[in-house]
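Summary of structural features
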Amino acid sequence: MSDANQTPLQEAVSAITIGGILVAVGCYAGAVQDVPGLTAGVLWIAGFVFTWCPALNELQGGQIPSLVGSATVGVALFLFGIPLAPLLAGRFARAQLQNVERDTARLKKNRASLQKKERAKDDFIVH
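Below you will find a few notes about this structure. Think of each chain on its own: its residues are numbered from 1, step by step along the sequence as written. Per-residue local features of the predicted model are confined to residues with pLDDT of at least 70, and side-chain atom pairs are confined, for both listing and counting, to 80 or more; whole-chain, interface and lining totals are unaffected and use all residues. Excluding hydrogens and water, the side-chain figures rest on all heavy atoms present in the structure.

All right, on to the packing of helix α1 (residues 8–32) against helix α3 (residues 64–81) then. It is the contact of α1 with α3, at a shortest axis distance of 8 Å, that shows an interaxial angle of 155 degrees. Between α1 and α3, the angle falls in the class roughly antiparallel. Our pair here, α1 against α3, has a crossing hand that is right-handed. Together, I16, T17, G19, G20, V23, A24, C27, Y28 and A31 of α1 and S66, L67, S70, A71, V73, G74, L77, F78 and G81 of α3 make up the contact between the two elements. Residue composition of the contact of α1 with α3, by class: 11 nonpolar, seven polar and no charged. In this description, a line fitted to the C-alpha atoms serves as the axis of each element, helices being fitted only across the stretch in contact, and the angle between N-to-C directions of two axes falls anywhere from 0 to 180 degrees. Strands here are runs of E lasting at least two residues and helices are runs of H or I lasting at least four, both read from the DSSP assignment and numbered beginning at the N terminus. What sets the label is the angle itself: under 35 degrees gives roughly parallel, over 145 gives roughly antiparallel, 65 to 115 gives roughly perpendicular, and the rest give oblique. Take the far helix as the reference: if the near one is turned anticlockwise from it by less than a right angle, the crossing is left-handed, and if turned clockwise, right-handed. Contacts are residue-level and defined by heavy atoms, with any inter-residue pair within 4.5 Å sufficient. For this scheme, ten residues count as nonpolar: Ala, Val, Leu, Ile, Met, Phe, Trp, Tyr, Cys and Pro. Four count as charged, namely Asp, Glu, Lys and Arg, and the remainder, Gly too, count as polar.

Glancing now at a nonpolar patch on the surface. Exposure above 30% relative accessible area and no salt bridge define the residues that can form patches, which grow by joining like charges within 9 Å and nonpolar side chains of Val, Leu, Ile, Met, Phe, Trp and Tyr within 5 Å. Surface accessibility follows the Shrake-Rupley procedure with a 1.4 Å probe radius. Residue values consider only the protein chains on display as shielding. When a carboxyl oxygen of Asp or Glu lies within 4 Å of a side-chain nitrogen of Lys or Arg, that pair is called a salt bridge. Side chains of L9, V13, V75, F78 and L79 sit close together on the surface and give an oily, nonpolar patch of about 410 Å² of accessible area. Going through the elements one at a time, α1 and α3 are the ones with two or more residues in the nonpolar patch. Top element by residues in the nonpolar patch is α3. It accounts for three residues. With respect to the helices, strands and loops of the structure, L9 is situated in helix α1. Exposure is judged per residue with a 1.4 Å probe applied to protein chains only, and the accessible area is read against the type maximum: over 50% gives exposed, under 20% gives buried, and values in between give partly exposed. Assessed through its relative accessible area of 43%, L9 is described here as partly exposed.

Distances and angles like these do not, on their own, reveal function.
And the structure:
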């Protein structure tokens, strides 16, 4: 979002992607810390994923179910968020336009103030 050359749609997709990653990491951290409702939900989702994709049963490790469930939540947020990207892009475009208008007004005010100071300095005559 810091790139000035990004279109509002690219910014929206970036925001949705970052949101999905943060949600996945948050779900994993919550599941590892045994947050009461979150742990059960992540493991429940992992159970479904393991039945849909039995190849995941080959993975070794105690945290794999939490990791798979958390990744599934993040990917689901991303997939359901992408269709909303044009709406989010519209908001970004409006916000950019408002920033430009606010900056233009500030520039006009500052220019008028500088011109007023220059005129006042020119009128001051010392004898």
